[in-house]
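# Chain and residue survey
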Amino acid sequence: MGNSAAERGLRSAREEKKMKSFDVAIDGPSGAGKSSLARRCAAELGLLYVDTGAIYRTVGLAALRRGVDRKDETAVAAILPELEIQMAYEDGEQRMYLNGEDVSREIRMPEISMCASDVSAHAAVRSFLLEMQRKLARENCVIMDGRDIGTVVLPEAKLKIYLTASPEARADRRMKELVAKGVEQPYEEVLRDIIQRDEQDMNREVAPLRQAEDAVLVDTTEIDFDESFRLLCGIIRERMEAEA
Ligand code: DC
């Protein structure tokens, strides 16, 4: 944070915050459509969208570049003091900076997904990133998505949603996104990665992915993006009105 573009991008969401605190926590497995749905709902409802996976991806990229053993918490923890991770909003898009370098594109490469999942299993990494996420929610009305937002990061969020879909439906969607970006990966590999990442994110000891007790379950296996958007936006709007 701290540069003027980021400040400008955050201003309206910050003004909203002064009026009323309203945060939405969205958790769920990879490829459930959290990011694209949350981004569109945030734009529609005047909230700030925060993609926390991008922050873990930035740490995953740093670990990959430095060649550390990502399963070794001590080795990963040792690089954290050298990492300056910044998030900025430019033209309404969240961008990630690693020690001053814009890594927003690079963190989207398929191999970074598992790197992010690996480093995210460590308590040292999670506590390193916790305050950054909470600060964003203190200063803005946010829709924040991730794996532990409703359970750990924002347990007091006004609305919690657990967004899921079958692994096959998620793999289909991920394939389409990759094709659109010109990234080639066989379907079987995409499906295998999704299942492996679910397994890892749900079974780690620290802040595992799980549905918060008070979260609304939304399963998008059988519904397309537009329908999912209308459903999600409707749930959020209804809660906003109830809180107003
Ligand atoms: O949302 P994503 O697929 O970009 O996230 C990449 C990895 O980061 C995911 O597999 C687990 C981790 N992550 C996490 O542990 N907690 C979060 N709040 C967000 C992401």
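The present account deals with the structure reproduced in this document. (Residues numbered from 1 in each chain as written. Predicted model: local features only at pLDDT ≥ 70, side-chain atom pairs only at ≥ 80, totals over all residues. Heavy atoms only, no water.)

### Looking at the overall build of the chain
Rules: Strands here mean DSSP runs of E at least two residues long; helices mean DSSP runs of H or I at least four residues long; both are numbered from the N terminus. Between the two quantities, the radius of gyration covers C-alpha atoms and the globule rule is 2.2 Å times the number of residues to the power 0.38. Buried, partly exposed and exposed residues are distinguished by accessible area as a fraction of the type maximum, computed with a 1.4 Å probe on protein chains only: under 20%, between the cut-offs, and over 50%, respectively. Note on definitions: a residue-residue contact is assigned when non-hydrogen atoms from the two residues lie within 4.5 Å. For the area figures, the Shrake-Rupley method with a 1.4 Å probe applies, and any residue is considered shielded solely by the protein chains shown. We score Asp and Glu as negative and Lys and Arg as positive, and we do not count His or the chain ends. Charged groups are reduced to one reference atom each: NZ for lysine, CZ for arginine, CG for aspartic acid, CD for glutamic acid.
When helices and strands are counted, the chain shows ten helices and eight strands. Its C-alpha atoms give the chain a radius of gyration of 17 Å, within 12% of the compact-globule value 18 Å for 244 residues. Seen through its principal axes, the chain has C-alpha atoms that stretch 50 × 40 × 35 Å. Here the chain, with 244 residues, has 49% of them falling under the buried criterion. Long-range contacts, defined here as pairs at least 24 residues apart, represent 75% of the contacts in the chain between residues at least 6 apart. When the accessible surface of the chain is summed, it comes to about 11700 Å², and 49% of that surface belongs to carbon and sulfur atoms. Positive and negative side-chain charges in the chain, numbering 36 and 46 respectively, have mean positions lying 3 Å apart.

### Considerations on the layout of surface pockets
So the rule is basically this: Using only the protein atoms, space was sampled on a 1 Å grid; points where a 1.4 Å probe fits but cannot get out form cavities, open sets with protein on both sides within 12 Å along at least five of seven lines form pockets, and lining residues are those with an atom within 4 Å of a point. Grid points are joined across faces, edges and corners, and a volume is the space filled by probe spheres set on the points.
Of the volumes computed, that of the second largest pocket is approximately 190 Å³. Around the second largest pocket, the lining comprises 13 residues; the ones closest to its centre are Asp23, Ala137, Arg138, Leu154 and Glu156. Looking at which element gives the most residues to the lining of the second largest pocket, the answer is helix H6 (residues 123-139), with three residues.

### What about the sheet that holds strand S4 (residues 93-98)?
Adjacent strands of a sheet pair through backbone hydrogen bonds, lying either parallel or antiparallel. Test applied: For two strands to be treated as a pair, DSSP must find no fewer than two bridges joining them. Orientation is described by axes fitted as lines to C-alpha atoms, over the contacting stretch for helices, and by angles from 0 to 180 degrees between their N-to-C directions.
The strand order S3-S4-S5 describes an open sheet built from three strands, whose pairing is antiparallel. Each of the sheet's edge strands pairs with one partner strand only, and the pair in question is strand S3 (85-90) and strand S5 (101-102). As paired elements, S3 and S4 share six bridges and run antiparallel to each other. Bridge pairing links Ala88 to Arg95 in S4. Where helix H3 (residues 53-66) meets the sheet, its contacts fall on S3, S4 and S5, and the angle it forms with S4 comes to roughly 30°.

### Here we look at the site of the ligand
We count it as follows: Residues are classed as near a molecule or strand on a simple rule: at least one heavy atom within 4 Å of it. Under this definition, polar contacts are N or O atom pairs within 3.5 Å; protein pairs additionally need one hydrogen-donor-capable and one acceptor-capable atom, and for neighbouring residues in sequence, both atoms have to be side-chain atoms.
Near the ligand you find 15 residues, and of these Arg57, Arg126, Arg197, Asp201 and Arg204 are the closest. Side-chain polar atom of Arg126 to an oxygen atom of the ligand: 2.8 Å apart, as the coordinates give it. Side-chain polar atom of Arg147 to an oxygen atom of the ligand: 2.9 Å apart, as the coordinates give it. Contact with the protein chains covers 97% of the free accessible surface of the ligand, which is 440 Å². Elements with a contribution of two residues or more to the shell around the ligand: H3, helix H5 (110-120) and helix H9 (187-203).

### Concerning the packing of H3 against H6
What counts is decided by this rule: The cut-offs work like this: below 35 degrees is roughly parallel, past 145 is roughly antiparallel, 65 to 115 is roughly perpendicular, and the gaps in between are oblique. Crossings are sorted by hand: turned counterclockwise from the far helix by less than a right angle, the near helix makes the crossing left-handed, and turned clockwise it makes it right-handed. All amino acids are sorted into three groups, where Ala, Val, Leu, Ile, Met, Phe, Trp, Tyr, Cys and Pro are nonpolar, Asp, Glu, Lys and Arg are charged, and the leftover types, Gly among them, are polar.
Packing of H3 against H6 brings their axes to within 11 Å, and their N-to-C directions diverge by 140°. Here H6 runs oblique to H3, going by the angle between their axes. Viewed along their axes, H3 and H6 form a crossing whose handedness is right-handed. Residues Ile55, Tyr56 and Val59 of H3 touch H6, and the partners they reach there are Val125, Arg126, Leu129, Met132 and Gln133. For the contact of H3 with H6, the per-class residue count stands at six nonpolar, one polar and one charged.

### Quick notes on the pairing of strand S1 (residues 24-27)
Across the two faces of S1 the burial is the same, with Val24 and Ile26 and Ala25 and Asp27 all buried. Where S1 meets strand S6 (residues 142-146), four bridges bridge the pair, whose relative direction is parallel. Paired with Asp27 across the bridge in S6 is Gly146. Bridge count between S1 and strand S7 (residues 159-164): four bridges; the pairing is parallel. Across the sheet, Ala25 pairs through a bridge with Lys160, a residue of S7.

### Quick word on the sheet that holds S6
Read from one edge to the other, the open sheet built from five strands follows the order S2-S6-S1-S7-S8, with strand pairing classed as parallel. In this open sheet, the two strands that pair with only one neighbour each are strand S2 (48-51) and strand S8 (216-219). On average, each strand axis in the sheet is tilted by 20° relative to the strand beside it, whichever way the strands run. Running over the sheet, helix H2 (residues 34-45) touches S1, S2, S6 and S7 and is turned about 180° from S6. On the sheet, helix H10 (residues 225-243) packs against S1, S6, S7 and S8 and is oriented at approximately 170° with respect to S7.

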